[in-house]
Amino acid sequence: MASPTAEPRTRLSAPERRSQLLDVAGRLFADHSYHGLSMEQLADAAGVSKPVLYQHFPSKRALYLALVHDATAELESKVRTALEGTTDNRARVEGAIAVYFDFVEDRRFQLLFDMPALNDAGVRDAVEGVIARIAHTVGQLIAADAGLSGQAADILAMGVLGLATEGARWQLEHGGLDKAEAVRLLARLAWRGLGSFGPESR
């Protein structure tokens, strides 16, 4: 495979260089997958030498894991912000689904579903860990609202997250609907379903 187009060489501080390397690597991994790139190609595309790349990331696996950890941490933070930004549970459901729609448009999202990379225990643990934490956070709200046990609420939360993830992926691939309308439709579906578990119908 030909080396990706290189960025011009510029002098950056260590944090700036790390951020730049992650940005370039995120785009390239999304295009070529984990096994489709070498550290030499990544360095060339970032406009740095291999020793500079290795100063920041000792291996391709370390670089990929850093990307996955950053992406999952950002996703978790944005979902929490959506949930904590209102006391209206219906708005919370719509806000959380909207976060997934936005995140699917970020190419780093593809890193979380690169099946060969998920064979790596570190990558798999990072992805599964953030999904479990988000589901637990959503589940706590469902449990409090519907009067369900923690385990019952957690499985409903996983269903909501699955709906958000797959709906967002479908929208990205097929389009047709305005994104905001797609979010509203899925939020309505999720809310109507969750409402059947509450003390009274919504």
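Everything here concerns the structure above.
Basis of the calculations
- Residues numbered from 1 in each chain as written.
- Predicted model: local features only at pLDDT ≥ 70, side-chain atom pairs only at ≥ 80, totals over all residues.
- Heavy atoms only, no water.
- 1 Å grid on protein atoms, 1.4 Å probe; cavity = no way out; pocket = protein on both sides within 12 Å on 5 of 7 lines; lining within 4 Å.
- Points joined across faces, edges and corners; volume = space filled by probe spheres on them.
- Nonpolar A, V, L, I, M, F, W, Y, C, P; charged D, E, K, R; others polar.
- Helix = DSSP H or I, 4+ residues; strand = E, 2+ residues; numbered from the N terminus.
- Contact = heavy atoms within 4.5 Å.
- Axes fitted to C-alpha atoms, helices over the stretch in contact; angles between N-to-C directions.
- Parallel < 35°, antiparallel > 145°, perpendicular 65-115°, else oblique.
- Phe/Tyr/Trp six-rings, centres within 6.5 Å; stacked < 30°, edge-to-face > 60°.
- Buried < 20%, exposed > 50% of the residue type's maximum accessible area, 1.4 Å probe, protein only.
- Lys NZ or Arg CZ within 6 Å of the ring centre and 35° of its normal.

Draft legend 1. Fine view of empty space enclosed by the protein. If you walk through the whole model with that rule in mind, you get 1 cavity of 30 Å³ or more. A volume near 230 Å³ is recorded for the largest cavity. Around the largest cavity, the lining is made up of 20 residues, and of these Asn-89, Val-93, Ile-142, Trp-191 and Leu-194 lie nearest the centre. Taken together, the residues of the lining of the largest cavity sort by class into 14 nonpolar, 3 polar and 3 charged.

Draft legend 2. Region of the structure containing the environment of Lys-179. When you line up the elements, Lys-179 lands in helix H9 (residues 179-195). Put simply, Lys-179 and Ala-98 are 81 residues apart on the chain and 8.7 Å apart in space, counted from C-alpha to C-alpha. Setting aside residues no more than four positions away along its own chain, Lys-179 makes contact with Phe-101, Asp-102, Glu-105 and Gln-171.

Draft legend 3. Main features of the packing of helix H4 (residues 60-84) against helix H7 (residues 121-146). Viewed as axis vectors pointing N to C, H4 and H7 meet at an angle of 5°, and their least axial separation amounts to 9 Å. The angle between H4 and H7 places the two elements in the roughly parallel class. Only Gly-122, Val-123, Ala-126, Val-127, Val-130, Arg-133, Ile-134, Thr-137, Val-138 and Leu-141 of H7 make contact with H4, whose side of the interface consists of Arg-61, Tyr-64, Leu-65, Val-68, His-69, Thr-72, Leu-75, Glu-76, Val-79, Arg-80 and Leu-83. By residue class, the composition of the contact of H4 with H7 is 13 nonpolar, 4 polar and 4 charged.

Draft legend 4. Layout of the packing of aromatic side chains. This model, assessed by the stated rule, comprises 4 aromatic pairs. Note on Tyr-34 and Tyr-64: the rings are 5.0 Å apart at their centroids and 80° apart in plane angle, and the pair reads as edge-to-face. Highlighted residues: Tyr-34 in the loop between helix H1 (14-32) and helix H2 (39-46) and Tyr-64 in helix H4, separated in sequence by 30 residues. Look at Tyr-64 and you get buried, because its relative accessible area is 1%. Among the aromatic side chains, those forming a connected cluster through ring pairs are Phe-29, Tyr-34 and Tyr-64. Lying over the aromatic face of Tyr-34, Lys-60 brings its terminal NZ or CZ to 4.5 Å of the ring centre.

Read these as spatial facts, not as claims about activity.
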